[in-house]
Amino acid sequence: MVSTVPNSSINLSYVRHDIRALQPHLVEWRRQFHQKPELGFQEKLTADFISQKLQEWGIEHHTGIAETGIVAIINGKSEAKVLAIRADMDALPIQELNEVPYRSQHDGVMHACGHDGHTAIALGTAYYLHHHRESFTGTVKIIFQPAEEGPGGAKPMIEAGVLQTPDVDAIIGLHLWNNMPLGTVGVRAGALMAAVELFRCQIFGKGGHGAIPHQTIDSVVVAAQIVNALQTIVARNVNPIDSAVVTVGELHAGTAKNVIADTANMSGTVRYFNPEFAGFFHQRLEQIIAGVCQSHGANYDLEYWSLYPPVINDPGMAELVHSVAEKVVETPMGVVPECQTMGGEDMSFFLQEVPGCYFFLGSANPEKNLAYPHHHPRFDFDETVLPMGVEMFVRCVEKFFEY
Ligand SMILES: [Zn+2]
Ligand SMILES: [Zn+2]
């Protein structure tokens, strides 16, 4: 499928030449995944396609890990360290609005985050490394993970032992990123993406006539005070040097203009970078909601979920990815450290276990109208980014085993 070159010829031009030759296949695979998108833990067709390709190429792999996950193992010329590469495979419950030949064939499901691209890049990386396995010393584990968009496939894969036998020394992963121009790389040491926490709160007041408020406990007034008071957590409890967000995204109460509402419901999300905040926002939310409710004689029920911790990159691994990116990107100033986002990612669970680096690969191309944001029904990315993703991974592998 791709012209192979002697294994001794691992240098910039040969590596790039060989990887660029994979481009039609990367596009074909990506479009295959795009046409058959599947939600978290249902990535059956996706996993079957990956497994079939790995089988065809003779790459050792294990399927059915955390439902639909796959781990491929590529041994170099001798055993040494183990580097893992992680790609997520799941799609979103969105109806695609793109009019492209490869548009989603599954009603109401769409690859609107680029995970189809991540999977194709990881598959291309497996193919390349397997055919050049004499050129590196060590083992590469490629982890195809389900359910990143929720409820989270990283944790169950770790619990299933994907970081063991052989034990993984470090991990890397990438996210195609339409917030950055095509061909740029976003990488930084420390926090890259935020922790994701969610809450739902129900306020129990006492309903009544809209003109006779003294006989009631107005859940709307209580809820309004809570919404405002919650904003003081970031404004007055968080060090201004740290970043955090408390968003109330839903607020529902009442049935009529002249009726005081018995109950009010709100839900929202909390984001932060500093891992020391684990547990803090939950505690402050509870204190504020309890205090406001008590002052009005209302009651409440609070549910709180800590979904994903922040994505924290190891400084050494971030430096490795940064040095590789400088070689791979072709645009001046194309390696960008100012790439933090309050979005979240369950790559964070892998990074809690082993040192690693998650990075962004710019994929937006406004000239081709490929710049819609992630999770938009018209999201799509410039497919010329795919070989660049493979080259980033391949060069990271080479560099990692050099040490
Ligand atoms: Zn997403
Ligand atoms: Zn994503």
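Calculation criteria
Residues numbered from 1 in each chain as written. Chains lettered and ligands numbered in written order. Predicted model: local features only at pLDDT ≥ 70, side-chain atom pairs only at ≥ 80, totals over all residues. Heavy atoms only, no water. Donors = N, O, S within 2.8 Å, 3.2 Å for Na, K, Ca; no water. Helix = DSSP H or I, 4+ residues; strand = E, 2+ residues; numbered from the N terminus. Buried < 20%, exposed > 50% of the residue type's maximum accessible area, 1.4 Å probe, protein only. Pairing = 2+ DSSP bridges. Contact = heavy atoms within 4.5 Å. Axes fitted to C-alpha atoms, helices over the stretch in contact; angles between N-to-C directions. Parallel < 35°, antiparallel > 145°, perpendicular 65-115°, else oblique. Nonpolar A, V, L, I, M, F, W, Y, C, P; charged D, E, K, R; others polar. Domains from an automatic or database assignment. Buried area = accessible area lost by both parts, 1.4 Å probe. Salt bridge = Lys/Arg side-chain N within 4 Å of Asp/Glu carboxyl O. Polar contact = N/O pair within 3.5 Å; in protein donor to acceptor, adjacent residues only side chain to side chain. Expected span 1.5 Å × (residues − 1). Arc of directions from axis to C-beta.

S.K.: In this structure, what is going on with the coordination of the zinc ion (ligand 2)? I would like to understand it.
M.R.: Each angle at a metal carrying four tetrahedral donors should ideally be 109.5 degrees, and each at a metal carrying six octahedral donors should ideally be 90 or 180 degrees. Protein-derived ligands of the zinc ion (ligand 2) are Cys 113 (SG), His 115 (NE2) and His 175 (NE2), with the metal-ligand distances lying across 2.1 to 2.4 Å. Donor residues for the zinc ion (ligand 2), ordered by position in the chain, follow C-x1-H-x59-H. Here the zinc ion (ligand 2) and the zinc ion (ligand 1) are spaced 3.1 Å apart, with Cys 113 acting as a shared donor. Of this pair, His 115 sits in helix α4 (residues 115-131) while His 175 sits in strand β5 (residues 170-181), and the two are 60 residues apart along the sequence. For the residue pair His 115 and His 175, the accessibility class agrees, reading buried in each case.

S.K.: Help me out: how do you make sense of the sheet that holds strand β3 (residues 82-88) in this one?
M.R.: In a beta sheet, neighbouring strands are held together by backbone hydrogen bonds and run either parallel or antiparallel to one another. Pairing in this open sheet of 8 strands is mixed, and the strands run β1-β2-β4-β3-β5-β16-β6-β15 from one edge to the other. In this open sheet, the two strands that pair with only one neighbour each are β1 (60-65) and β15 (335-336). Where strand β6 (residues 185-186) lies against strand β16 (residues 356-364), 2 bridges are found, and the strand directions are antiparallel. When the bridges of β16 are listed, Gly 186 appears paired with Phe 360. Most of the contacts of helix α10 (residues 386-402) go to β3, to which it runs at about 160 degrees, and overall it touches β3, β4 (139-145), β5, β6 and β16.

S.K.: Looking at this structure, I do not really get the side chain of Arg 30. What am I missing?
M.R.: Here Arg 30 is to be found in helix α2 (residues 23-35). You can call Arg 30 buried: its relative accessible area is 0%. Residue contacts for Arg 30: discarding those within four places in its chain leaves Tyr 102, Asp 116, Gly 117, Ala 120, Asp 380, Phe 381, Glu 383 and Leu 386.

S.K.: Would you explain the coordination of the zinc ion (ligand 1) in this entry?
M.R.: Distances from the zinc ion (ligand 1) to its protein donors, namely Cys 113 (SG), Glu 149 (OE) and His 375 (NE2), fall within the range 2.0 to 2.3 Å. Residue Cys 113 is classed as buried on the basis of its relative accessible area, which comes to 7%. On the accessibility criterion, His 375 (39% relative accessible area) is partly exposed.

S.K.: Looking at this structure, I do not really get the packing of α2 against α10. What am I missing?
M.R.: Each pair of packed helices gets described by two things: the angle between the helix axes and the distance between those axes. One way to put it is that α2 packs onto α10 with a least axis distance of 9 Å and a crossing angle of 105 degrees. As judged from the angle between their axes, α2 and α10 are roughly perpendicular. In contact with Gln 23, Leu 26, Val 27 and Arg 30 of α2, α10 contributes Leu 386, Pro 387 and Val 390. Of the residues that constitute the contact of α2 with α10, the class distribution is 5 nonpolar, 1 polar and 1 charged.

S.K.: Can you walk me through the domain arrangement of the chain in this structure?
M.R.: It is common to give the size of an interface as the accessible area that goes away when the parts come together. By domain assignment, the chain separates into domain 1 (7-193 + 311-400) and domain 2 (195-308). For the domain 1 and domain 2 pair, buried surface summed over both sides reaches about 880 Å², with 70% attributable to carbon and sulfur atoms. Of all residues in domain 1, the largest losses of buried area upon contact with domain 2 belong to Ile 312, Met 342 and Phe 349, amounting jointly to 51% of the total for that side. Put simply, domain 1 and domain 2 have 0 salt bridges between them. Along the contact surface separating domain 1 from domain 2 lie 3 residue pairs in polar contact (both at pLDDT 80 or more). Broken down by secondary-structure element, the contributors of at least two residues to the side of domain 1 that touches domain 2 are β7 (190-193) and α9 (347-353). The leading source of residues in the side of domain 1 that touches domain 2 is β7, at 3 residues.

S.K.: Even after reading the chapter, I still don't get the pattern of salt bridges, so can you show me in this structure?
M.R.: Close approach of charged atoms allows side chains of opposite charge to pair. Evaluated as defined, the whole model comprises 14 salt bridges. Across the pair Glu 56 and Lys 53 runs a salt bridge, and its minimum N-O distance is 3.9 Å. On the criterion of helical spacing, the pair formed by Glu 56 and Lys 53 is a turn pair, its members being 3 residues apart in helix α3 (residues 44-57). As a salt-bridge pair, Asp 346 and Arg 86 come within 2.8 Å of each other at their nearest N and O atoms.

S.K.: What is the right way to read helix α7 (residues 280-296) from this model?
M.R.: Quick reminder: α-helices carry 3.6 residues per turn. Residues three or four places apart thus point the same way. Between the first and last C-alpha of α7 there are 25 Å, a value that for 17 residues agrees with the 24 Å anticipated at 1.5 Å per step. Restricting attention to buried positions, one finds in α7 the residues Phe 281, Leu 285, Ile 288, Ile 289, Val 292 and Cys 293. Buried residues of α7 fall within an arc of 120 degrees about the axis and therefore sit on the same side. Pointing more than 90 degrees away from the buried face of α7 are the exposed residues Gln 294 and Ser 295. Packed against the buried residues of α7 are β8 (195-204), α6 (219-237), β10 (244-253), β12 (263-272) and β13 (299-308). A positive backbone phi angle near 75 degrees is found at Gly 297, which sits one or two residues after α7.

S.K.: What is the right way to read the sheet that holds β13 from this model?
M.R.: Sheet architecture is open: 4 strands sit in the order β10-β12-β8-β13, paired in antiparallel fashion. Each of the sheet's edge strands pairs with one partner strand only, and the pair in question is β10 and β13. Between one strand and the next, the sheet's axes are offset by a mean angle of 15 degrees, whatever the strand orientation. Where β8 meets β12, 10 bridges bridge the pair, whose relative direction is antiparallel.

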